[in-house]
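Structural description and commentary
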Amino acid sequence: MNSNIFGINFQDKPEEVTKILEENYLTIKEVEDNEIISDPSLPINYIIEGDNFYSLNLLKFTHKRSFDLIYIDPPYNRPGQKFKYNNKFIDSEDPWLHSSWLSFMNHRLKIAKELLKDDGVFICAIDEKEQEALGLLLQKVFPEHKIEIIVNQHSSRGKQGKGISFCHEYHYILYPNDNKRYIFPQEISNEDREYGHLRQWGSESMRDDPNVPGRSMFYPIYIKNNKIIKAGDPLPEGAKEPKPNEQVEDGMIKVWPIDKENVPRKWAIGRKSVEERNNKGLLIVVKNSKTKLFEIKHTRETAPVKSMWYDKRFDANSFGSRLLTKILGKEMKGMFPKSIYTLEECLKITIKHKKNAKVLDFFAGSGTTGHAVLNLNKLDNGIRSFVMCTNNEDKIAEEVCYPRTKNVIKGYKFKGTIKQELFTKDLDYKDFENNEKLLKEINNLIKSNEKKYDKIKKIIENNCLRIIGEKKVEKKTDPIQANLKYFKIDEDNLVSKTNNDLKNIFKRIKEIILFKNETYDEVNTCKDFEIYENDKNTSSLLFNHLETKKLIDEIKKIKKAHKIYIFSVGERDFSNEFKSLNGSDYEIKNMPNEFIKTFN
């Protein structure tokens, strides 16, 4: 079958896994030894080992319309490399190289769309080989979504070869085209910050402008040793006019918003904001080389998301491969994980405001997405959760993805570098003409600190001189409170669709039902029914509907919402038998019919 996508033809190529799923029902099994429970009050995160086509079909039953963000980094289909995902489904000798890859992706994207919330965001990383084809495929699968693209420089070195040395990749970002905001301002890194005067200038900046009263914005900022200490009270009416800088007790200096012409102006922020912005590193003290006066400068915390990301933090070697080596304590050859900061940035611009967001990555690989979710939660006390799906090709699930996630949660030993800013100064041309005094000051500073640090760097950025001390340390990272469960979808445990023992199928999919409702704590089990719960809900599995009354008596003892799954070979309506539960929050499902419908 051919699919025409804006002039690109691709042949729908059946995969081994699609054929297997046509003939079998899924089951899952928990690897209980891999469970991590740090805090039972927090949501549970998941790693699902198995072909992601299985995982996606499982989630279609358990998590339809559930994810706020889906991020994937699929295999890039590079010529000359075997496409190992799914039994070498694609290789460089395939005459339909692009077509096979598109078919592979199409099967998965169509299911992923069903898992995304109506207001969810979908992000897909890709390189130049399939960027154009993927873009057209995304338009086919998500016609009602707005599609934008970010170019991300992930390597300053680039690929070696005879042609252009590519040092970037792409991130397609899809979100509903309904004029609502889905992409939020980007935090500005320290390296990209540009500082301007905190003192206002131009129209409406005058302290005594009768049209824009500003007396409350005319207050001193106390500094000491080039650091901001606090904001003072506004100048009282009738008080003596201050000087731009005034020496006061304890070696502190008052800095007033007075310009070089001695004109009183206003600060751009109120007194209450000074401490907050100073704690975030958004304010600095600078000595003007001309007037010799101390001034306060500030910078923005966020800016609109740009289509080009080229910060050093996004380097996949430094903050991807090397970081993975630190976390696992050994080098993983042949692995090319994204920079952790690339993933964190993707999360921040899409779900930072959603502290309970659910994130899915069905090409999880080394587990960078889960790591980024945990880091963001640690940063803002969020309770976001993730589901990561990966096959176990070359044992990537059990020897990379799971150990990495476990080490991030529990903390791991590493060698790192602590950086401390020792000196900051805005430079002027006169600093270069008469540099002896400045050089002497710098040399004295370096000499007094050289025993404290392993290295002291001198950096000039945006006309600003910075002296930074670096010290190597060996320590353990702080644990991150999180819970994790590990499931496997094993082909040996699939149930044939020719199996007519429906009650056995119902029992075999018990773990899927518990996963769907996250009800793992056993309440009551017997041959006729089983009850499981979490802090909000219960899941009841009734194998013998003749014992309905006994189950109801047990359910009534539990003041929670109830999901009741009843074995039935048909579509029988059991609501009348449960009418004594009226007033309770409950829902009845016929099983395994509800499950079978999903896979037929």
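Conventions and cut-offs
The residue count restarts for each chain, going from 1 along the sequence in the order it is written. With the structure being a predicted model, the display of local features is reserved for residues of pLDDT at least 70 and the display and counting of side-chain atom pairs for 80 or more, all residues being used for whole-chain, interface and lining totals. With hydrogens and water set aside, each side-chain value is computed from the structure's full complement of heavy atoms. Secondary structure is summarised from DSSP: a helix means a run of H or I of at least four residues, a strand means a run of E of at least two, and numbering begins at the N terminus for each. Partly exposed residues are those whose accessible area sits between 20% and 50% of the maximum for their type, while under 20% is buried and over 50% is exposed, using a 1.4 Å probe and protein chains only. Contact criterion: two residues are considered in contact whenever any of their non-hydrogen atoms come within 4.5 Å of each other. Only the protein chains shown count as covering a residue, and every accessible area follows the Shrake-Rupley method with a 1.4 Å probe. When charges are counted, neither His nor the chain ends are considered; positive counts come from Lys and Arg and negative counts from Asp and Glu. Charge placement uses NZ in Lys and CZ in Arg. For Asp and Glu, CG and CD serve respectively. The definition of a nonpolar core used throughout is a set of buried Ala, Val, Leu, Ile, Met, Phe, Trp, Tyr and Cys residues joined through side-chain atoms within 4.5 Å. Strands qualify as paired when DSSP identifies two bridges or more between them. As a rule, the C-alpha atoms of each element are fitted with a line to give its axis, helices using only the stretch in contact, and angles between N-to-C directions run from 0 to 180 degrees.

Per the secondary structure count, the protein includes 16 helices and 32 strands. Dimensions of the protein, computed from C-alpha atoms along their principal axes, come out at roughly 90 × 65 × 50 Å. Residues counted as buried form 50% of the 600 residues belonging to the protein. The contacts in the protein between residues at least 6 apart in sequence include a share of 71% that link residues at least 24 apart. Of the roughly 31200 Å² of accessible surface on the protein, a fraction of 46% belongs to carbon and sulfur atoms. The protein carries 102 positive and 92 negative side-chain charges, and their two centres are separated by 4 Å.

The next thing to look at is unusual backbone geometry. The omega angle of the peptide bond from Met-591 to Pro-592 is 5°, so this bond is cis rather than trans. Structurally, Pro-592 can be placed in the loop between strand S32 (586-591) and helix H16 (593-598). Although it is not a glycine, Arg-65 sits at a positive phi angle of roughly 55°. Classification of Arg-65 by relative accessible area gives partly exposed; the value is 41%. If you check the backbone angles, Lys-395 has positive phi at about 60° while not being a glycine. By the element assignment, Lys-395 lies in the loop between strand S22 (385-390) and helix H10 (396-410).

Core analysis: the biggest nonpolar cluster contains 108 residues, and Ile-70, Ile-72, Leu-109, Phe-122, Leu-360, Phe-362 and Phe-506 have the highest contact counts within it. If one sorts the elements of this core by residue count, helix H4 (residues 97-115) sits on top with 8 residues. If near-sequence neighbours (up to four positions away) are discounted, Phe-122 is found in contact with Ile-70, Ile-72, Leu-109, Ala-112, Leu-116, Leu-138, Phe-142, Tyr-172, Ile-173 and Leu-174.

Another aspect to go through is the sheet that holds strand S30 (residues 537-542). Within a sheet, adjacent strands bond to each other through the backbone by hydrogen bonds, running parallel or antiparallel. Sheet architecture is open: 5 strands sit in the order S28-S29-S30-S31-S32, paired in mixed fashion. Of all strands in the sheet, those bounded by a partner on one side alone are strand S28 (521-525) and S32. Averaged over neighbouring strand pairs, the angle between their axes works out to 20° when direction is ignored. The pairing of strand S29 (residues 529-533) with S30 spans 5 bridges and is classified as antiparallel.

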